[in-house]
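Working through the structure, step by step
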Amino acid sequence: MTKEAARIDVVAALLPLERLRKRPDFLRAARARRVPCPAFLLQARERAPDEAAQAIRVGFTCSKKVGNAVARNRAKRRLREIARLTLPDHGRAGWDYVLIESPRRDRPARLRRHAGRPAARAAQAARRMSPLAHIVALPVRAYRLLLSPWVGHGCRFHPTCSAYALEALEKHGAFRGGWLTLRRLARCHPWGGSGIDNVPD
């Protein structure tokens, strides 16, 4: 790696991410490099010298093929989390990146199988819970059966709060599992963060 490339990488790691908001920027990125990923498409473009400064800029696109508004918002939160975790270390200063969510039917079969694993883990948990944990889990199961189909899947975290609760009760029992569940529910609001949040071991 040359000294200039190393300097650019250091600058990229220090600069905050800026959001792409103007349609012409998205159109220019669409004509640049494309990198297919398992769950999304990445477009990357090096900006011209007369454009904005060295900051890393990132945009997110989610078509109606992904689903309704709730599904699209959840997909964008997932893309934002991916960008937050990877671009400061691997992005290049002076580049624009656009992450495009892939419709579910266009994803590889192995990824679609992975999407169903939280539900499978929850079913497994029901078979292994202690008797007291079974009782504590009854409201969670009632919610999944009666309310979840109506309110939609709008949880800010993955796995969802109900799947998290069942797994926590299975792993840690009624007392610690119940406390972990309450702590997760207390963070499930617009200011409580988002992204992957697995049950601790």
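Structure: above.
Okay, so let's go over this structure. Everything numeric here is computed off the predicted structure, so don't read it as measured data. (Residues numbered from 1 in each chain as written. Predicted model: local features only at pLDDT ≥ 70, side-chain atom pairs only at ≥ 80, totals over all residues. Heavy atoms only, no water.)

**Remarks on helix α2 (residues 23-30)**
Within α2, the full set of buried residues consists of Asp 25, Phe 26 and Ala 29. Seen along its axis, α2 keeps its buried residues to an arc of 100°; they face one direction. (Buried < 20%, exposed > 50% of the residue type's maximum accessible area, 1.4 Å probe, protein only. Helix = DSSP H or I, 4+ residues; strand = E, 2+ residues; numbered from the N terminus. Arc of directions from axis to C-beta.)

**Topic: the nonpolar core**
Buried together is how nonpolar side chains tend to be arranged in soluble globular proteins. Counting 13 residues, the largest nonpolar core has Phe 40, Val 58, Phe 60, Tyr 97 and Leu 99 as its most contacted members. Elements that contribute at least two residues to this core include exactly β3 (40-46), β4 (57-61), α3 (69-90) and β5 (95-101). With sequence-adjacent residues up to four places away left out, Val 58 is seen in contact with Leu 17, Glu 18, Arg 19, Leu 20, Ala 83, Leu 87, Tyr 97 and Leu 99. Counting 8 residues, the second largest nonpolar core, distinct from the first, contains Ala 133, Ala 137, Val 140 and Ala 174. (Core = buried A, V, L, I, M, F, W, Y, C linked by side-chain atoms within 4.5 Å. Contact = heavy atoms within 4.5 Å.)

**Comments concerning the pattern of salt bridges**
It is possible for side chains of opposite charge to pair when their charged atoms get near one another. Taken as a whole and assessed by the stated rule, the structure comprises 8 salt bridges. In this structure, Arg 28 and Asp 25 form a salt bridge, with 2.6 Å as the shortest nitrogen-oxygen distance. Of the two residues, Arg 28 and Asp 25 both sit in helix α2, 3 residues apart, roughly one turn of that helix. Arg 45 is paired through a salt bridge with Asp 96; the nearest N and O atoms lie 3.0 Å apart. Of this pair, Arg 45 sits in strand β3 while Asp 96 is found in strand β5, placing the two residues 51 residues apart along the sequence. (Salt bridge = Lys/Arg side-chain N within 4 Å of Asp/Glu carboxyl O.)

**Things to note about a nonpolar patch on the surface**
A grouping of Tyr 143, Leu 145, Leu 146, Leu 147, Trp 150 and Val 151 is seen on the molecular surface, where their side chains present a nonpolar patch of about 730 Å² in accessible area. Mapped onto the secondary structure, Leu 147 falls in helix α6 (residues 131-151). A relative accessible area of 47% places Leu 147 in the partly exposed class. (Patch = residues over 30% accessible without salt bridge, like charges linked within 9 Å, V, L, I, M, F, W, Y side chains within 5 Å. Areas by Shrake-Rupley, 256 points an atom, 1.4 Å probe, with all protein chains shown as cover.)

**Observations concerning the pairing of β3**
A large share of β3 lies buried, amounting to 5 of its 7 residues. With 4 bridges joining them, strand β2 (residues 33-36) and β3 adopt antiparallel strand pairing. Its bridge partner lying in β3, Val 35 is registered against Leu 42. Linkage of β2 to β3, two consecutive antiparallel strands, is achieved through a turn of 3 residues. Pairing of β3 with β5, which is carried by 7 bridges, proceeds in the antiparallel orientation. Across the sheet, Arg 45 pairs through a bridge with Asp 96, a residue of β5. (Pairing = 2+ DSSP bridges.)

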